[in-house]
Amino acid sequence: MTIAVVPGSFDPITAGHIDIIRRAKDLYEHVIVGVVINPGKKPLFSLEERVEMVKDAVSWDPTIAVDSFTGLLVDFVKLHNAKVIVRGLRAVSDFEHEFQMAQLNRRLNARIETVFMMASPEYAYLSSSIIKEIAMYDGSVKGLVSPNVEALLRKALA
Ligand code: ADP
């Protein structure tokens with residue numbers, strides 16, 4: 001059984017993230033979504049809120065696990081006996097950072113493979129920060145995030 005980890009900040013989870021998680025689940029028997037505690041980033045939503053939002057968004061498949069982590073991603077992956085890290089690539093601009101992280105993670109643990117999935121064209125422009133920006137200016141994010149996230153965004157930005 002191959003276990004894959006889909007890591008991210010998910011601040012908040014978007015339709016683009018869900019698409020990657022769904023596609024990862026098509027490829028791997030077991031998927032764990034890892035919500036990162038990044039001391040360097042100041043998220044809009046607390047870790048608990050982000051984990052709850054992810055859990056709600058993936059509830060269509062009870063076999064998908066959601067967990068949070070701090071520290072090195074490779075340690076989280078190893079802890080869960082996973083072999084694969086799945087990341088989404090939206091544009092060339094994502095590439096440089098992702099390339100660096102994949103090389104670094106390989107250096108830290110060569111038994112873990114990073115697999116990239118191209119963003120689906122309908123979500124390629126979507127990011128958590130663009131969602132927050134639209135919501136901040138009262139624009140509609142309908143269809144880009146779940147109704148639950150939509151409501152939480154409205155509350156957080158009120
Ligand atoms: P991070 O801070 O680790 O980049 P994010 O929550 O922003 O966390 O993204 C997590 C993962 O999801 C990354 O691999 C990112 O490239 C991918 N991702 C984000 N938005 C999309 C999207 N619209 N389509 C495909 N992949 C996406």
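Above this text sits the structure in question.
First, a word on what this report is: a plain description of the structure on this page.

Conventions we followed
- Residues numbered from 1 in each chain as written.
- Predicted model: local features only at pLDDT ≥ 70, side-chain atom pairs only at ≥ 80, totals over all residues.
- Heavy atoms only, no water.
- Helix = DSSP H or I, 4+ residues; strand = E, 2+ residues; numbered from the N terminus.
- Contact = heavy atoms within 4.5 Å.
- Patch = residues over 30% accessible without salt bridge, like charges linked within 9 Å, V, L, I, M, F, W, Y side chains within 5 Å.
- Areas by Shrake-Rupley, 256 points an atom, 1.4 Å probe, with all protein chains shown as cover.
- Salt bridge = Lys/Arg side-chain N within 4 Å of Asp/Glu carboxyl O.
- Lys, Arg positive; Asp, Glu negative; His and termini not counted.
- Charge placed at Lys NZ, Arg CZ, Asp CG, Glu CD.
- Buried < 20%, exposed > 50% of the residue type's maximum accessible area, 1.4 Å probe, protein only.

Before going further, it helps to examine the environment of Ala57. Its place among the elements puts Ala57 in helix α2 (residues 47-57). Separated by 43 residues in the primary sequence, Ala57 and Thr14 place their C-alpha atoms 8.9 Å from one another. In contact with Ala57, not counting residues within four places along its chain, are Ile13 and Ile18.

The next thing to look at is a nonpolar patch on the surface. Among the surface-exposed residues, Leu44, Met136, Tyr137 and Leu157 lie close enough to one another that they form a single nonpolar patch of about 400 Å² accessible area. Here Leu44 lies in the loop between β2 (30-36) and α2.

A contiguous patch of negative charge on the surface is contributed by Glu48, Glu49, Glu52 and Asp56. A residue is classified by how much of its surface remains accessible, and Glu52, at 48% relative accessible area, is partly exposed.

Spatial relationships are all this shows, so hold off on functional conclusions.
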